[in-house]
Amino acid sequence: MYMHMKWVSVREFQNILKSNTQLYQDLYVRETLTDKLLSKLGKTITEPTLKGTLDGNGQTIHNIPTQLFDEISEGSVLKNLTVSQSSIEGPALCRTNHGKIENVKVAADTTQRSKDSELGGLVSVNNGEILNCSFEGTVQGELNVGGISGVNKSSITDCIVQNSTIDNTKKSGGLTG
């Protein structure tokens, strides 16, 4: 089977997330020399806020170096997406979810940033809805660590955490910390 995959730099990847409402092909993110130089100059990547709907159309994003979004805003939807083969400092999808995350699969290793007090495989703090999602991988942090969310203040329904390691010192759980 021939797979259509687009190779993109970290900066191109962030622009795709900011400007698209649907994905039509798998993306493989690679850090380029330009990305590395800009990072050394202190021009770090700023994750966008999802406002509206991003439909992954069943596509996969491979090798993301950072979470997809800083925040999923109220009324916004992230759906039908797979995140794979990634090692991320922070959660895979967003720091805070106020919207809806549906039919998203994440296979990644996540590590808690020193400035954050919670970490989940998908989101750090859930204030919205997470439906029919899954996580497989490692979540490693100090406090409030879970496979789906570090802290859940709302709704997690029909989600699964499998083949995973949740590693921390305080307040951890399979789904939420």
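If you're wondering where the values come from, they're calculated on a predicted model, not measured in any experiment.

Visitor: So what's going on with the sheet that holds strand β9 (residues 119-120)? Which residues, and what values?
Guide: Paired through their backbone hydrogen bonds, the strands of a sheet run either parallel or antiparallel. Spatially, β9-β13-β18 is the arrangement adopted by the three strands of the open sheet, whose pairing is parallel. In this open sheet, the two strands that pair with only one neighbour each are β9 and β18 (170-173). Relative to β18, strand β13 (residues 143-146) is paired through three bridges, and the arrangement is parallel. The partner of glycine 146 across the bridge, within β18, is glycine 173.

Visitor: Please set out the pattern of salt bridges residue by residue, giving values where relevant.
Guide: This structure, assessed with the given rule, holds two salt bridges. In this structure, the salt-bridge partner of lysine 100 is glutamate 102, at a minimum N-O distance of 3.6 Å. With relative accessibility at 25%, the residue lysine 100 sits in the partly exposed group.

Visitor: So what about helix α1 (residues 10-19)? Which residues, and what values?
Guide: Every buried residue of α1 is listed here: Val10, Phe13, Gln14, Ile16 and Leu17. Projection of α1 onto a plane perpendicular to its axis shows the buried side chains occupying an angular sector of 155°, all on one side. Turned more than 90 degrees away from the buried face of α1 sit Lys18 and Ser19, all of them exposed.

Visitor: Tell me what's going on with the pairing of strand β1 (residues 5-9), and back it up with residues and numbers.
Guide: Sheet topology note: the β1/strand β2 (residues 26-30) ladder contains five bridges and is parallel. If you follow valine 8 over to β2, its bridge partner there is valine 29. In this fold, β1 hands off to α1, which returns the chain to β2; that crossover is right-handed.

The rules behind the values
Residues numbered from 1 in each chain as written. Predicted model: local features only at pLDDT ≥ 70, side-chain atom pairs only at ≥ 80, totals over all residues. Heavy atoms only, no water. Pairing = 2+ DSSP bridges. Helix = DSSP H or I, 4+ residues; strand = E, 2+ residues; numbered from the N terminus. Salt bridge = Lys/Arg side-chain N within 4 Å of Asp/Glu carboxyl O. Buried < 20%, exposed > 50% of the residue type's maximum accessible area, 1.4 Å probe, protein only. Arc of directions from axis to C-beta. Right-handed = clockwise from strand over helix to strand, strands pointing away.

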